[in-house]
Amino acid sequence: MSGTHEAVEAIDTDGFIPFMRKVSRCEDSLRELRLTWRLIESSARMNCPDEAHSILPMMAATREGFQRLEADLVRSLVAESVDEVMREIGTQARNVIDILVRNLYERTADVGFLATDPVLCRLAAGLDADPQAVRTRLRQYRSKYTVYDDVLVLDAQGRVLARIDESVPAAEEADPLVAQTLRSPGYVETFRASHLRPGPRNALLYSQRLLHPATGEPVGVLCLSFAFDDELQGIFQARGAQDGRSLALLVDAAGEVLASSDPQWVAPGRKVPGNEAGAPRLWTHSGRSYLVQTLPAAGYQGYPGPAGWKGQVMVPVELAFQARAAGSAQGTAESLLPAIIQGLLGHARRFCPPLHDIVTAADTIRRVVWNGQVMTAGRREGTERLSAVLEQIGETGARTNEVFSQSIRDLHHTVLGAALRDGEFLSQLLVDLLDRNLYERANDCRWWALTPELRNLLADVQLDIASDGDLMRANAILGQINGLYTVYSRLVVYDTSGRIVAASHATLADGSSAIGQQVEADALAAVLALGGAQAYHVSPWRAGPLSDGAPTYVFHAAVRAPDGAQTVGGIGIVFNAEAELGAMLAGASQGGASHCTVFVDRSGLVLASSPAQCAASGLHIAQGSRLALPGGMLQLAPGESASRAMVHDGHYCIVGCSATQGYREFRAHADAQGASAQGASAPDTVLALSFTSFGAVLADAEAAVMRRGTHVPGDSGAADDAGREMATFFIDARPFAVDAGCVLEALPASAITPVSAGRMPYCMGTLARRAQGQVTGYAWVFDLGHVLRGTPSQVTAQSQVIVIDAGGGALGCWSAICWACSISRRGALPRRRASAAVRRQWSARSCRRSRPTDRPCWCSASMPWR
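Residues numbered from 1 in each chain as written. Predicted model: local features only at pLDDT ≥ 70, side-chain atom pairs only at ≥ 80, totals over all residues. Heavy atoms only, no water.

Colleague: Describe the pattern of salt bridges, naming the residues involved and giving the relevant values.
Modeller: Within this structure, the stated rule accounts for 33 salt bridges. A salt bridge links Arg137 to Asp117, with the nearest nitrogen and oxygen atoms 2.7 Å apart. With Arg137 in helix H6 (residues 131–144) and Asp117 in the loop between helix H4 (56–114) and helix H5 (118–124), the pair connects residues that are 20 residues apart, well separated along the chain. There is no split in this pair, since Arg137 and Asp117 are both buried. Among the ionic pairs, Arg542 bridges to Asp522, the shortest N-O distance being 2.9 Å. Residue Arg542 is found in the loop between strand S13 (537–538) and strand S14 (554–560), and its partner Asp522 is found in helix H17 (residues 521–528); the two are separated by 20 residues along the sequence. (Salt bridge = Lys/Arg side-chain N within 4 Å of Asp/Glu carboxyl O. Helix = DSSP H or I, 4+ residues; strand = E, 2+ residues; numbered from the N terminus. Buried < 20%, exposed > 50% of the residue type's maximum accessible area, 1.4 Å probe, protein only.)

Below, the structure written as structure tokens:
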């Protein structure tokens, strides 16, 4: 939202208005009102210049202010509407590339570890000649890591020794990546057409050289083929624009489409315009105009992602501003509690400066109109021509207030709708990242449970024949794995009694050794009950010795004897939750001092938070604390998301919330009954929350809502009705009235100059009165609210000073808000008798000026300012 103010002037307002029905209707209403004010002024000048000379300056000021406000309001409505769409599609584009890069980061670790597999290395070195056994092992790997569509083992000449997909014909010549991989000490990432994977237009391949078990010389190449098209469609469908309004793309540095959410709309291989700068303008592709956002990869833990790849989302301009569904964030914004809306509006300067400027300008115009109506009090019985002008001023003032209120409300809802969607999208990104991360953890523990050396070790432990050398080799293997997979704080293997026999990072936080310790009894029982190599167990979120006292998940899988006949122990991998969840929250954060993101469980327990961000936003959400959240948020079904505005920790906050649902065959707990029946259990549902603070709760918000909702009845009344004209205003949420003939004008309370007033109680200072730009005098200002309630009033942007004639001198009394004047029947305004103290305080300065009219009448307010 902060960028909108600078973008207002850069946006082609006229080019966007035809596609914004609400803005177009608002522009028509404002134009009609502007012409009406001009017509009233012209009529008064021509038909009754003498009678109307005192109100002509008011009408001129109203017309000029209205003209400025009209242009600002329309520009801001257009700018905020465009900014709302740009932020939405920008978030979607960021999700595409960030989720993909984090997925590919895992692939770089996979190929590095699998390339050390002794079974594959022996085949490449020619020490074993059983490709079928290797093929079986590759299929076991593929059954765990389903993101691959093929796995190949090649010799140094590029010939295929074993692969999963045997239907692919043998190539006549080696792919160039073989020679490149043999020369490289690390992994090689290749994206292009390749005869190693001839089906797709482009193949994404991760390769690493295989070394001779004895000499360490390169003897072959391992190649993992990533299911690129399948994964991208999953990303597009999971969190993309599913209503067909927008198009999600993956593009390269040249703008060529690598993957498309709708290939019939824009097919891979086409070139599209990009917008990395985020310019709020229209881009043309194939004769159609689009709003476009293009975002590069931010990288993840040192991995930058494939060079030049970007996420891009395009939305046709004719669809971009269509009305949202009733359950959308825009609908949620329109259903907010009035006190929340008022409180957020009070902080408009912080989150939307144009909105604040427009509200301030509208208040100024309303005050001018109010002053004009007070000025004409008692003159409604003059000439017929002036009476007609005054009647038109009253009617047009009412319409002006209505149009201003609706236009400001539309602008406010647009801004809040964008914030609600931002929060929801951010929480969706977080649960997507968490689901995919935990999916990898489930894969790792099941695959490492098939490591031949670990199976042989635990079988020997079962027979009590394991040697010290065997145990040392097991520790080394676990240390090697942990070195490649830093997402774990510790890896352990244990026997059927639960005793740990080998571990990486064996020294615990208290200085003792993990070796010889016992795993939790419930975890051991679950592992021993697992059935099949696909099953796994995840511990509840809790702290334990293996995690050095930090709460986390531990993933377990059963280790079976080499012949597969029986379970001989298990492997436990301790997820480094504090570092990994913290990195997810920090990496996905939108930045800025007002944002805070957390993971919680269904009870509201905070599993992880971004403490620096939370502290900067003024929110205090620590890991291990419990949040008081609405039940509807805590009970979201897996995969669902929601957003709402609420008060949290004394701040107005936009809160987005999404629930995990799992990824591929790794499903959320509520959907895992089938897996549970086979002995597996997934973690309970986790909720991602995004908090955006808009500022501290305002004490005056509730009173402002009550003021706006209070209606003091008034109508034109019959000509023979007796009464008086009254100028009405508020103190806090209570309406008051004073004889309109005593009122000189209303001025903003922000102009009060504090001065020493001796012993005058309740005095706030002085206020300069001006005419034609010159100071004509000063008025003492007294806090009437302080008199009534006994505590000083808080001056807000909406506070006004009512200046009354105090018998030859001007006296200002502070009020919360003024109302406009209109004719009301006698008795329509509720009467209040002031306390004796109030009467004594104000008796010396009571208003004595009578209203210059032959016939008295009551006057009250027919509409509030705010």
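Colleague: Tell me about the sheet that holds strand S8 (residues 283–285), residues and numbers included.
Modeller: An order of S7-S6-S10-S9-S8 is seen for the five strands of this open sheet, with the pairing classed as antiparallel. The sheet terminates laterally at strand S7 (257–260) and S8, the two strands that pair on one side only. Strand-to-strand, the axes of this sheet are offset by a mean angle of 40°, without reference to chain direction. (Pairing = 2+ DSSP bridges. Axes fitted to C-alpha atoms, helices over the stretch in contact; angles between N-to-C directions.)

Colleague: Explain the confidence of the model for the protein chain to me, and be specific about the residues and the numbers.
Modeller: When pLDDT is averaged across the protein chain, the result is 81; 82% of the residues are at 70 or more. A low-confidence stretch, residues 819–866 (pLDDT under 50), is modelled with 145 contacts involving residues beyond four sequence positions or located in other chains. (pLDDT = per-residue confidence, 0-100. Contact = heavy atoms within 4.5 Å.)

Colleague: I'd like to hear about helix H7 (residues 176–183), residue by residue, with values.
Modeller: Taken together, the buried positions of H7 are Leu177, Val178, Thr181 and Leu182. Considered in projection along H7, the buried side chains sweep an arc of 135° and stay on one side of the axis. Projecting away from the buried face of H7 at angles above 90 degrees are the exposed residues Pro176 and Arg183. Buried positions along H7 lie against strand S1 (148–155), strand S3 (188–192), strand S4 (203–211) and strand S5 (218–226). Looking at where H7 begins, the residue whose side-chain oxygen comes 2.9 Å from the main-chain nitrogen of Leu177 is Asp175. (Arc of directions from axis to C-beta. Polar contact = N/O pair within 3.5 Å; in protein donor to acceptor, adjacent residues only side chain to side chain.)

Colleague: Residue-level account of the sheet that holds strand S12 (residues 500–503), with values.
Modeller: Pairing is antiparallel across the open sheet formed by five strands, whose spatial order is S12-S11-S15-S14-S13. Sheet topology places S12 and S13 at the edges, where each strand pairs with a single neighbour. For strand S11 (residues 488–494) and strand S15 (residues 567–575), the ladder comprises six bridges, and the chain directions are antiparallel. Looking at S15, one finds that Val493 is bridged to Ile571. Where H17 meets the sheet, it contacts S11, S13, S14 and S15, and its direction lies at approximately 45° from that of S14.

Colleague: Give me the packing of aromatic side chains: which residues, what numbers.
Modeller: On inspection of all chains with the given rule, the structure shows 16 aromatic pairs. Look at Trp541 and Tyr553: their rings are 5.2 Å apart centre to centre, the planes differ by 75°, and that puts the pair in the edge-to-face class. On the criterion of sequence distance, the pair formed by Trp541 in the loop between S13 and S14 and Tyr553 in the loop between S13 and S14 is long-range, its members being twelve residues apart. The residues Trp541 and Tyr553 share a single accessibility class, namely buried. Among the aromatic residues, those joined into a ring-pair cluster are Phe113, Trp448, Tyr485 and Tyr488. A cation over a ring is seen here: Arg281 above Trp283, with NZ or CZ 3.8 Å from the ring centre. (Phe/Tyr/Trp six-rings, centres within 6.5 Å; stacked < 30°, edge-to-face > 60°. Lys NZ or Arg CZ within 6 Å of the ring centre and 35° of its normal.)

Colleague: A description of the side chain of Arg490 should follow, citing residues and the corresponding values.
Modeller: As for its position among the elements, Arg490 is in strand S11. Among the polar contacts listed, one links the side chain of Arg490 to the backbone oxygen of Leu546, at a separation of 2.4 Å.

Colleague: Can you explain the environment of Arg201? Please cite residues and give values.
Modeller: Note that Arg201 resides in the loop between S3 and S4. Within the structure, the side chain of Arg201 is placed 3.0 Å from the side chain of Glu256, a separation counted as a polar contact.

Colleague: If you had to explain the nonpolar core to someone new, which residues and values would you point to?
Modeller: Of all hydrophobic cores here, the largest spans 149 residues; its most connected members are Leu222, Leu291, Trp448 and Phe599. At 26 residues, the largest contribution of residues to this core is made by H4. Discounting chain neighbours no more than four positions away, the residues touching Phe599 are Leu430, Leu434, Leu581, Met584, Leu585, Leu605, Val606, Leu607, Ala608, Val686, Leu687 and Ala688. Counting residues in each nonpolar core, the second largest holds 19 residues, with Ile621, Leu627, Met633 and Met646 among its members. (Core = buried A, V, L, I, M, F, W, Y, C linked by side-chain atoms within 4.5 Å.)

Colleague: I'd love a proper account of unusual backbone geometry, names of residues and values included.
Modeller: Positive phi is not limited to glycine here, since Gln301 has a value of about 50°. With respect to the element layout, Gln301 can be found in the loop between strand S9 (288–296) and strand S10 (310–316). With a relative accessible area of 37%, Gln301 lands in the partly exposed category. In this structure, Asp548 is a non-glycine residue whose phi angle is positive, near 55°. Inspection of the secondary structure assignment puts Asp548 in the loop between S13 and S14.

Colleague: So what's going on with the pairing of strand S28 (residues 800–805)? Residues and values would help.
Modeller: For S28, the buried fraction is high: six of the six residues fall into the buried class. The side-chain alternation of S28 yields two buried faces, one formed by Gln800, Ile802 and Ile804 and the other by Val801, Val803 and Asp805. Where strand S25 (residues 743–748) lies against S28, five bridges are found, and the strand directions are antiparallel. Across the sheet, residue Val743 finds its bridge partner in S28, namely Ile804.

Colleague: Just give me the short version of the environment of Gly305, but keep the residues and values in it.
Modeller: Along the chain, Gly305 turns up in the loop between S9 and S10. Note: C-alpha distance between Gly305 and Arg102 (203 residues apart in sequence) is 8.3 Å.

Colleague: Describe in detail helix H15 (residues 452–463), supporting the description with residues and values.
Modeller: For H15, built from twelve residues, the straight-helix expectation of 16 Å at 1.5 Å per residue is met to within 8% by its first-to-last C-alpha distance of 17 Å. Regarding H15, the residues found buried are Leu454, Arg455, Leu457, Leu458, Ala459 and Val461. Positioned one or two residues after H15, Asp464 has a phi angle of 60°, which is positive. (Expected span 1.5 Å × (residues − 1).)

Colleague: Residue-level account of the packing of helix H3 (residues 21–47) against H4, with values.
Modeller: Two elements in contact, H3 and H4, have axes whose closest approach is 10 Å; the angle formed by their N-to-C orientations is 170°. Judged on the interaxial angle alone, H4 and H3 are roughly antiparallel. The residue inventory of the contact of H3 with H4, partitioned by class, reads 15 nonpolar, three polar and eight charged. (Parallel < 35°, antiparallel > 145°, perpendicular 65-115°, else oblique. Nonpolar A, V, L, I, M, F, W, Y, C, P; charged D, E, K, R; others polar.)

Colleague: Give me the pairing of strand S22 (residues 687–696): which residues, what numbers.
Modeller: The buried fraction of S22 is high, at nine of ten residues. Relative to S22, strand S16 (residues 595–600) runs antiparallel, the two being bridged by six bridges. Note that in S22 the partner of Cys596 across the bridge is Phe691. Of the strand pairs in this sheet, strand S19 (residues 651–659) and S22 are connected by nine bridges, and their pairing is antiparallel. Residue pairing across strands places Cys653 opposite Ser693, the latter belonging to S22.

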